[in-house]
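What follows is each chain in one-letter form.
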Amino acid sequence: MSLREQYIALMTLLRKEIRRFLRIWPQTLLPSAITMSLYFVIFGSLIGSRIGEMGGFRYMEFVVPGLIMMAIVTNSYSNVVSSFFGSKFNHSVEELLVSPTPNYVILLGFLLGGIARGLLVAIIVTAVSLFFTRLPIYNIGIVMLVVLFTSTLFALAGFINGVYANNFDDISIIPTFVLTPLTYLGGVFYSLDLLPEFWANVSKLNPLVYVVNAFRYGVLGVSDVNVTFAFAMIAVFTVLLFFYSMHLLSSGKRLRQ
Amino acid sequence: MVPALKIDALSKTYPGGFQALKGISLQVQQGDFFALLGPNGAGKSTTIGIICSLVAKTGGSIQVFGVDIDVDFPGAKKHIGIVPQEFNFNMFEKVGDIVVNQGGYYGLPLPLARQRAEKYLRALGLWEKRDNASRMLSGGMKRRLMIARALVHEPRLLILDEPTAGVDIEMRRSMWDFLQEINRAGTTIILTTHYLEEAEALCRNIAIINHGEIVEYGSIRDLLRRLHREVFIFDSAGKLPEPLTLRGFEVRRVDDHSFEVEVEKGQHVNEVFEGLSAAGVRVTSMRNRANRLEEMFVKLVESAA
């Protein structure tokens, strides 16, 4: 395939992915807006007003970046895992496998779909958050980079989950039992400074801590971890997962007999 | 002229040790209408799966219009359109989108993909359904949708895996007409089917595969010529005489108005009519007892079992 044909194939897949999540918006876009609004009301306004400041900011301001990042992580992940597993389940993935579309274009198409949903949900949640608090942007470049890297990283993780999944239970196990606990323990609602030293160090083994803090640094200018190190970790894991995903596609694991 | 498809010593052993293909070789010439027949589990779908990259081969080689799939699989895939046995599209997607998207995966610019989608959806009677979700289509329409999807990039080789399974007779006939038309226009077609009359009506050449091996391969005309006997059923206008005998032929009475006659290779049906006229039997109709290809198929498959 020429580069132009590959670009056409990529745009076709991306268009299809975006159409898919827009078509089922009550399942893909609305839940995050509602859930995050509840978080803003309960944790930000009702409880937050009694907590006072955290990390030098009002509690509402402190939690908003983490909540936006939480929405990006869950949406980019679940978009790819459900779309890819769905196409495996109904065998429509064969439309791609029999075509001359290269594997990296197939992977990029699904990733861009996940990134697009992550970004759209981030915009919706950010817009909702503005009803509750102001959102100072400390460094827009860092904000954009973290959003891009994080949505890519979790879209890749969703893709790998989709390849290995054998049934619909398998695509909800990781989000429910791994992603959600890690997100809640990833410093979305509190600063690691509040934890005893031992638990603060244990928390630093949680990759979500780096994602949340890097984003919070971009928005508020404060972070519990070294931001450069956080970027390095996100970049390293993104590259590793990308090559592992490519290996899965090339070997045809769970896709070709 | 290079063959449309050249398979050499193709083998496939699945994990667990089941040997689905035991080194088959065959060629399909450009412009041919070729039937790949065999009982369930014979290896037909495995062969097709390997050609279109859904199944990984264990050994052997495949060339599509001279392009080796081990050297340039994307280049080979461009020549192939595949209509699988099972429905393999997203049931929630619109009919038109399914065909247009497939064009995109082959690198067709959007306007051209839309134009081709219209051309083939119209030709297959699905244009009015283009905005419907594909799950709303009937079984026959879904099969035609898969044909339209396989044709959108205008492949030189179209492979159909039991395309008329579960399709009513009228629809089957119209699909036959359509396939003959695109074959006449130059598309090479490979067909697997369980309806042997379909293979006899449409195809010029044939391979019969059983237990992962080719048991017969050649032109249908030559294969049928090798049949040693044929059984004809005759219907008479009046009640048949008792007993009914024909010199040199084996006759079996079916009921008072019909009977079967076995005609061996070298005998002529004229002799049957001469005998019947002498016996005062007036024939109103005559037909083959079974499809001739079916007779041969059963014989080959049974002898290999």
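Reading guide: rules and limits
Residues numbered from 1 in each chain as written. Chains lettered and ligands numbered in written order. Predicted model: local features only at pLDDT ≥ 70, side-chain atom pairs only at ≥ 80, totals over all residues. Heavy atoms only, no water. UniProt positions renumbered as here; feature names shortened; annotations may be inferred. Helix = DSSP H or I, 4+ residues; strand = E, 2+ residues; numbered from the N terminus. Patch = residues over 30% accessible without salt bridge, like charges linked within 9 Å, V, L, I, M, F, W, Y side chains within 5 Å. Areas by Shrake-Rupley, 256 points an atom, 1.4 Å probe, with all protein chains shown as cover. Salt bridge = Lys/Arg side-chain N within 4 Å of Asp/Glu carboxyl O. 1 Å grid on protein atoms, 1.4 Å probe; cavity = no way out; pocket = protein on both sides within 12 Å on 5 of 7 lines; lining within 4 Å. Points joined across faces, edges and corners; volume = space filled by probe spheres on them. Nonpolar A, V, L, I, M, F, W, Y, C, P; charged D, E, K, R; others polar. Contact = heavy atoms within 4.5 Å. Buried area = accessible area lost by both parts, 1.4 Å probe. Polar contact = N/O pair within 3.5 Å; in protein donor to acceptor, adjacent residues only side chain to side chain. Phe/Tyr/Trp six-rings, centres within 6.5 Å; stacked < 30°, edge-to-face > 60°. Buried < 20%, exposed > 50% of the residue type's maximum accessible area, 1.4 Å probe, protein only.

A.B. asks: What am I meant to see in the UniProt feature "transmembrane region" (unreviewed entry) in chain A here?
C.D. replies: Residues and elements named next belong to chain A. Cross-referencing UniProt, the feature "transmembrane region" (unreviewed entry) maps to residues 21-42, 62-85, 105-131, 137-160, 172-192 and 227-249 in the present numbering. Counted over residues 21-42, helix gives 91% and strand 0%. Its end C-alpha atoms are 28 Å apart. Note that residues 172-192 is 62% helix and 0% strand, and that its end C-alpha atoms are spaced 28 Å apart.

A.B. asks: What should I look at first to understand a nonpolar patch on the surface in this one?
C.D. replies: Residue and element names in this part refer to chain A. On the surface, a nonpolar cluster with roughly 770 Å² of combined accessible area is contributed by Trp25, Leu30, Ile34, Leu38, Val41, Ile42, Leu46, Ile47 and Ile51. Residue contributions to the nonpolar patch peak at 8 residues, all from helix α3 (residues 30-51). Its location among the elements puts Ile34 in helix α3.

A.B. asks: Quick question: what am I supposed to make of the layout of surface pockets here?
C.D. replies: Over the atoms a probe the size of a water molecule is rolled, and this reveals where empty space is left. Size it by volume and the second largest pocket reaches roughly 550 Å³. His91(A), Glu94(A), Gln257(A), Leu54(B) and Val55(B) are, among the 22 residues lining the second largest pocket, the residues nearest its centre. Listed by contribution, the elements that provide at least two residues to the lining of the second largest pocket are α5 (93-97) of chain A together with α1 (44-51) of chain B. Broken down by element, the residue count for the lining of the second largest pocket peaks at 4 residues, all from α1(B). Its residues assigned to classes, the lining of the second largest pocket comprises 9 nonpolar, 7 polar and 6 charged.

A.B. asks: Please explain the interface of chain B and chain A as it appears in this structure.
C.D. replies: In many reports, interface size means the accessible area that the parts give up when they come together. Contacts between chain B and chain A engage 29 residues on the former and 24 residues on the latter. Here chain B meets chain A over a buried area of about 2500 Å², counting both sides, of which 51% is carbon and sulfur. For the chain B face of the interface with chain A, the top three residues by lost area are Leu54(B), Asn88(B) and Tyr105(B), together amounting to 29%. Across the contact surface, chain B and chain A share 4 salt bridges. Note that Asp97(B) is salt-bridged to Arg19(A), the shortest N-O span being 3.3 Å. At the boundary of chain B and chain A, one finds 10 residue pairs in polar contact (both at pLDDT 80 or more). Elements that contribute at least two residues to the side of chain B that touches chain A include exactly α2 (73-77) and α3 (95-105) of chain B. No other element matches the 6 residues that α3(B) contributes to the side of chain B that touches chain A. Tallied by class, residues from the side of chain B that touches chain A come to 16 nonpolar, 7 polar and 6 charged.

A.B. asks: Is there a simple way to explain the packing of aromatic side chains in this structure?
C.D. replies: Aromatic rings in a pair are described by how distant their centres are and how their planes are angled relative to each other. All names here are of chain A. In the structure shown here, the tally under the stated rule is 18 aromatic pairs over all chains. Look at Phe84 and Phe159: their rings are 4.5 Å apart centre to centre, the planes differ by 50 degrees, and that puts the pair in the tilted class. Here Phe84, found in helix α4 (residues 59-89), pairs with Phe159, found in helix α7 (residues 140-164); they are 75 residues apart in sequence, far enough to count as distant. The buried category is assigned to Phe84, whose relative accessible area is 0%. Since its relative accessible area comes to 0%, Phe159 is described here as buried.

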